[in-house]
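Spelled out from the first residue to the last, the chains are:
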Amino acid sequence: MMIKHLSERNDTVSAILIFEKNDRLGVGMPYGKGGSNNEHVANVSASELPNFAVSFEDYITKHPTNEHPDYFAKGSFNPNQVIPRLLLGNYLEYLFDHYIKVLRKKSMEVVFRTNCRVVDIETAADRPYKIITETEDRHPADIIVVCTGHHWPTTYEDVVKGWYDSPYPPSKFTSPFNGPVAIRGTSLTAVDAVKTLSRLNGNFETGQDDLLSYHLNPACDRFKITLFSTGGFLPALRFHSDGEAYSSSWVMSLQDIYNYKSKNGGFVDLDHVFDLNFKCPLKSKDPAFYDKIKDLDMEGFVAEMMKLRKALDSFDLFKAEYREAERSIKHQQSISWKETLAAFSYAMNYPAKHFSAEDMLRLRKTMMPLISVIIASLPQSSYKELIALYEAGLLDLVQVDQESRVVPNGNSGAVYHYTSVDNEAMEEYYPMFIDAIGQRPLNLPDLPFEGLKKAKLLSSAYLDFRDNQNAIELQEKDEAQVYKGYNDNYYLKLPGLKINDLFQALDPYGQIISNLYIMAVPFIGGLNPDYSGLDFCDTAAERIVDSLPLATMNEDIIDLKDVAS
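**A few points about the overall build of the protein chain**
The number of helices and strands found in the protein chain is 17 helices and 23 strands. The C-alpha radius of gyration of the protein chain comes to 24 Å, within 12% of the 24 Å expected for a compact globule of 565 residues. The principal-axis extents of the C-alpha atoms in the protein chain amount to approximately 70 × 55 × 55 Å. Burial analysis of the protein chain (565 residues in total) assigns 50% to the buried set. As displayed, the protein chain has an accessible area near 26,900 Å², and 47% of this comes from carbon and sulfur atoms. The average position of the 57 basic charges and that of the 78 acidic charges among the side chains of the protein chain differ by 2 Å.

**Comments concerning the packing of aromatic side chains**
Both the distance between ring centres and the angle between the ring planes are used here to describe each pair of aromatic rings. Taken as a whole and judged by the stated rule, the model has 34 aromatic pairs. Aromatic pair Tyr59 and Tyr94: ring centres 5.2 Å apart, planes at 50 degrees, arrangement tilted. Taken together, the residues Tyr59 in helix α2 (residues 56-62) and Tyr94 in helix α3 (residues 85-105) connect sequence positions 35 residues apart. Given the relative accessible area of 8%, Tyr59 is considered buried. Judged by its relative accessible area of 28%, Tyr94 falls in the partly exposed class. Counting every residue linked through ring pairs, the aromatic cluster contains Phe52, Phe56, Tyr59, Tyr71, Phe77, Tyr91 and Tyr94.

**Remarks on the sheet that holds strand β5 (residues 118-123)**
Taken together, the 3 strands give an open sheet; going across it, the order is β5-β6-β7, and neighbouring strands pair in antiparallel fashion. Each having just a single partner strand, β5 and β7 (138-141) make up the two edges of the open sheet. Within this sheet the neighbouring strands show an average axis-to-axis angle of 25 degrees, counted without direction. Here β5 runs beside strand β6 (residues 129-133); their pairing, made up of 5 bridges, is antiparallel. Bridge assignment links Thr123 to a residue of β6, and that residue is Tyr129.

**Comments concerning the nonpolar core**
Counting 148 residues, the largest nonpolar core has Phe56, Phe301, Met367 and Leu516 as the members making the most contacts within it. With residues up to four places along the chain from it excluded, the contact list for Leu516 reads Tyr129, Ile144, Val146, Leu452, Leu457, Leu458, Phe503, Gln504 and Ala505. Within the second largest apolar cluster, 12 residues are counted, among which are Val160, Trp163, Tyr418 and Phe433.

**Focus: the packing of helix α6 (residues 270-285) against helix α10 (residues 336-347)**
For the pair α6 and α10, interaxial distance at closest approach is 9 Å and the crossing angle is 150 degrees. As the angle between them shows, α6 and α10 are arranged roughly antiparallel. Relative to α10, the crossing made by α6 is right-handed. Between α6, through Val273, Phe274, Asn277, Phe278, Pro281, Leu282 and Lys285, and α10, the contact on the second element is made entirely by Ser336, Trp337, Glu339, Thr340, Leu341, Phe344 and Ala347. Among the residues making up the contact of α6 with α10, the classes are represented as 9 nonpolar, 3 polar and 2 charged.

**Details of the pattern of salt bridges**
What the rule picks out here adds up to 26 salt bridges. Among the salt bridges present, the one from Arg238 reaches Glu48, with a minimum N-O distance of 3.0 Å. Note that Arg238 is positioned in the loop between β13 (224-229) and α5 (254-263) and Glu48 in the loop between β2 (41-45) and α2, a separation of 190 residues in sequence. Relative accessible area serves as the criterion here: at 27%, Glu48 is assigned to the partly exposed category.

**Details of the environment of Phe289**
Mapped onto the secondary structure, Phe289 falls in helix α7 (residues 287-293). Since its relative accessible area comes to 15%, Phe289 is described here as buried. Through-space distance from the C-alpha of Phe289 to that of Leu237 is 20 Å; in sequence the pair is 52 residues apart. For Phe289, the contacting residues outside a window of four places in its chain are Leu282, Phe301, Met305 and Trp337.

**Some thoughts on unusual backbone geometry**
Residues apart from glycine generally show negative phi values, whereas peptide bonds are mostly found in trans. Across the junction of Tyr168 and Pro169, the peptide omega takes the value -10 degrees, indicating a cis bond. Looking at where Pro169 falls in the secondary structure, it is placed in the loop between β9 (163-164) and β10 (180-184). Even without a glycine there, the phi angle at Glu136 is positive, about 70 degrees. Its place among the elements puts Glu136 in the loop between β6 and β7.

**Examining the environment of Ile387**
Along the chain, Ile387 turns up in helix α13 (residues 380-391). The exposure class of Ile387 is buried, given its relative accessible area of 11%. Linking Ile387 and Lys454, residues 67 residues apart in sequence, is a C-alpha distance of 51 Å.

**Concerning the confidence of the model for the protein chain**
Taken residue by residue, the protein chain gives an average pLDDT of 91. The fraction at 70 or more is 96%. Residue range residues 550-565 is modelled with pLDDT below 50. Its contacts to residues more than four positions away, or to other chains, number 20 contacts.

**Notes on the sheet that holds strand β8 (residues 144-146)**
The pairing of strands in a sheet comes from backbone hydrogen bonds and takes either a parallel or an antiparallel form. The mixed open sheet is built from 3 strands, whose spatial order is β8-β23-β22. Looking along the sheet, the strands with just one partner apiece sit at the ends: β8 and β22 (504-506). With strand direction ignored, the average angle separating the axes of adjacent strands in the sheet is 50 degrees. Pairing analysis gives 3 bridges linking β22 to strand β23 (residues 512-518), with the strands arranged antiparallel.

**Observations regarding helix α9 (residues 314-330)**
With 17 residues, α9 should cover 24 Å at 1.5 Å per step; its first-to-last C-alpha distance of 24 Å lies within 8% of that length. For α9, every residue scored as buried is listed here: Ser314, Phe315, Leu317, Phe318, Glu321, Tyr322, Ala325 and Ser328. Take α9 and look down its axis: the buried residues cluster within an arc of 145 degrees, on one side only. Looking at the packing, one finds that the buried side of α9 touches α8 (298-311), α10, α13 and β14 (395-399). Near the N-terminus of α9, the side chain that reaches the backbone nitrogen of Phe315, with its oxygen 2.9 Å away, is that of Asp313.

Basis of the calculations
Residue positions are given per chain, counted from 1 along the sequence in the order it is written. In keeping with the model being predicted, local features are shown solely for residues with a pLDDT of at least 70 and side-chain atom pairs are shown and tallied solely at 80 or more, while totals for entire chains, interfaces and linings include all residues. With hydrogens and water excluded, all non-hydrogen atoms of the structure serve as input to the side-chain values. Secondary structure is summarised from DSSP: a helix means a run of H or I of at least four residues, a strand means a run of E of at least two, and numbering begins at the N terminus for each. Each radius of gyration reported is based on C-alpha atoms, and the globular scaling rule is 2.2 Å times the count of residues to the power 0.38. Throughout this description, buried means an accessible area under 20% of the type-specific maximum (1.4 Å probe, protein chains only), exposed means over 50%, and partly exposed covers the range between. Computed with a 1.4 Å probe, the accessible areas rest on the Shrake-Rupley method; for each residue, only the protein chains presented here act as cover. His residues and chain termini do not enter the charge count, which takes Lys and Arg as positive and Asp and Glu as negative. For charged residues, the charge sits on one atom: NZ in Lys, CZ in Arg, CG in Asp, CD in Glu. Between rings of Phe, Tyr and Trp, where Trp is taken as its six-membered ring, a pair exists when centres lie within 6.5 Å; planes separated by under 30 degrees are stacked, by over 60 edge-to-face, and by other angles tilted. Any two strands with at least two DSSP-identified bridges between them are counted as paired. Orientation is described by lines fitted to C-alpha atoms, with helices fitted over the stretch in contact, and by angles between N-to-C directions that extend from 0 to 180 degrees. By nonpolar core we mean a set of buried residues, namely Ala, Val, Leu, Ile, Met, Phe, Trp, Tyr and Cys, connected to one another through side-chain atoms within 4.5 Å. Note on contacts: a residue pair qualifies if any of its non-hydrogen atoms lie within 4.5 Å across the two residues. Working definition: roughly parallel below 35 degrees, roughly antiparallel above 145 degrees, roughly perpendicular at 65 to 115 degrees, and oblique for all remaining angles. Each helix crossing is assigned a hand: it is left-handed if the near helix lies turned anticlockwise from the far helix by less than a right angle, otherwise right-handed if that turn is clockwise. Side-chain classes follow a simple rule in which Ala, Val, Leu, Ile, Met, Phe, Trp, Tyr, Cys and Pro form the nonpolar group, Asp, Glu, Lys and Arg form the charged group, and the remainder, Gly included, forms the polar group. Throughout this description, the term salt bridge denotes a Lys or Arg side-chain nitrogen within 4 Å of a carboxyl oxygen of Asp or Glu. pLDDT expresses, on a scale from 0 to 100, how confident the predictor is about each individual residue. By definition here, a helix of n residues has an expected span of 1.5 Å times n minus one. Taking the helix axis as origin, the arc is that swept by the directions to the C-beta atoms. Any pair of nitrogen or oxygen atoms within 3.5 Å is treated as a polar contact; in protein, a donor-acceptor pairing is required on top of that, and neighbouring residues in sequence qualify only through side-chain atoms on both sides.

Set out below in structure tokens:
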């Protein structure tokens with residue numbers, strides 16, 4: 001996305017240096033061999049992709065493939081069908097190459113290095129930065145944009161047999177496993193693990209009404225998967241959407257944010273964003289549904305939406321949501337509140353950096369568990385596989401408490417400790433365990449670039465409390481990471497790094513490091529509650545590129561510092 005927006009500008013930078021630790025540009029972890037096999041699909045279709053210089057339809061027409069016959073057959077495809085992730089990766093790689101050519105035609109110097117790991121970034125006397133690669137080469141740079149993507153730290157994976165700290169890369173699962181498997185999580189990451197393991201231990205067969213049945217290999221009669229989840233919910237299904245995939249017009253502008261802050265104690269109120277980006281759009285989209293929830297605050301709305309979900313068995317709810325999604329697609333009628341909630345999730349990233357600590361805690365505790373389920377947009381093909389496994393008695397879901405934990409069982413397998421919904425203490429052994437709760441947030445000490453940390457150009461993410469008394473009470477209960485600052489104000493420590501609205505780093509004193517941008521997924525989640533998806537990447541990159549001319553002209557960023565600090 002950075003390369004896309006740079007190619008659309010004429011006066012931004014004089015040269016671009018790109019460092020990629022893997023062998024392909026533009027693919028990333030999810031869309032290449034590091035995150036996918038042929039069975040893995042994206043949760044977006046061609047019609048939902050951001051605007052690119054070459055459309056996906058043009059690309060696939062000119063580059064037909066036999067590798068995905070369920071998607072592209074007889075020279076055609078359905079633009080509303082989800083795209084196989086490896087195919088989407090090929091498209092993104094093609095786009096990356098296209099944009100490099102565009103930049104070079106504009107006489108822009110573009111240098112890229114694949115299979116080249118950056119081991120450090122240091123400050124320098126002659127130029128702001130020196131990039132140091134594993135071959136000890138040193139490259140000067142004026143502006144740094146950190147786009148290092150997903151990172152999956154390991155704990156016991158290489159030590160304890162049968163323990164996997166993530167399902168990635170899926171190629172590490174190479175043979176059948178005749179025994180019970182525990183998977184922590186029910187998100188799309190967990191679905192990835194289920195899809196890979198099921199194919200190693202049996203096969204799916206298409207029957208009537210395009211539904212699937214699953215058949216175990218004879219040698220895998222003890223294979224079974226148990227999903228563990230604190231919420232107890234499976235991801236919501238894709239449905240027909242009436243509106244555009246996303247729009248920057250949904251987002252509060254910087255001017256809107258600071259006008260509001262100036263009149264409301266220096267914060268953007270979560271309730272205001274909920275009204276602005278959820279209730280107001282819903283009023284015009286679905287007046288009848290709006291009338292049902294118009295008097296509810298955020299907590300009341302979530303409670304109402306969760307009421308039915310909590311009353312039904314997880315798989316009964318899963319089946320009901322599938323039928324609802326199928327009706328939505330068949331009749332081309334959106335499920336308005338879900339569509340609007342997804343738009344709200346995208347839009348709230350931008351004012352979230354200006355929430356009070358109290359509102360951020362409310363958001364994380366109340367709204368994010370619902371959002372994480374709804375915006376998953378599980379493809380129908382994945383639903384059919386999960387249901388086939390469930391109907392075969394080979395997939396189960398267990399709801400666990402927040403204090404549940406998994407520990408190695410010596411040198412083999414894991415023991416799951418949890419309290420059941422019936423308040424019974426449980427200890428269960430599994431010879432295979434896969435942690436699939438998704439990308440964990442990483443913090444300042446985890447950043448691999450010691451030079452940036454040594455120069456004190458970065459700081460941990462935090463938000464101010466509106467009322468210090470709230471912070472003191474939380475601190476006494478040890479319910480959140482609260483600390484007292486030198487000015488006797490209290491702060492909520494969040495995962496990741498402190499960045500501003502333009503994704504520029506802030507140092508420990510709150511000063512903007514105007515030529516250092518952080519876009520690495522694990523390090524921005526604290527201040528960006530919903531950072532997933534190509535739409536978010538596109539908007540973030542656009543903001544960064546629009547700010548680049550200011551990054552090296554100090555006299556022009558004075559007003560911006562007042563706005564973005």
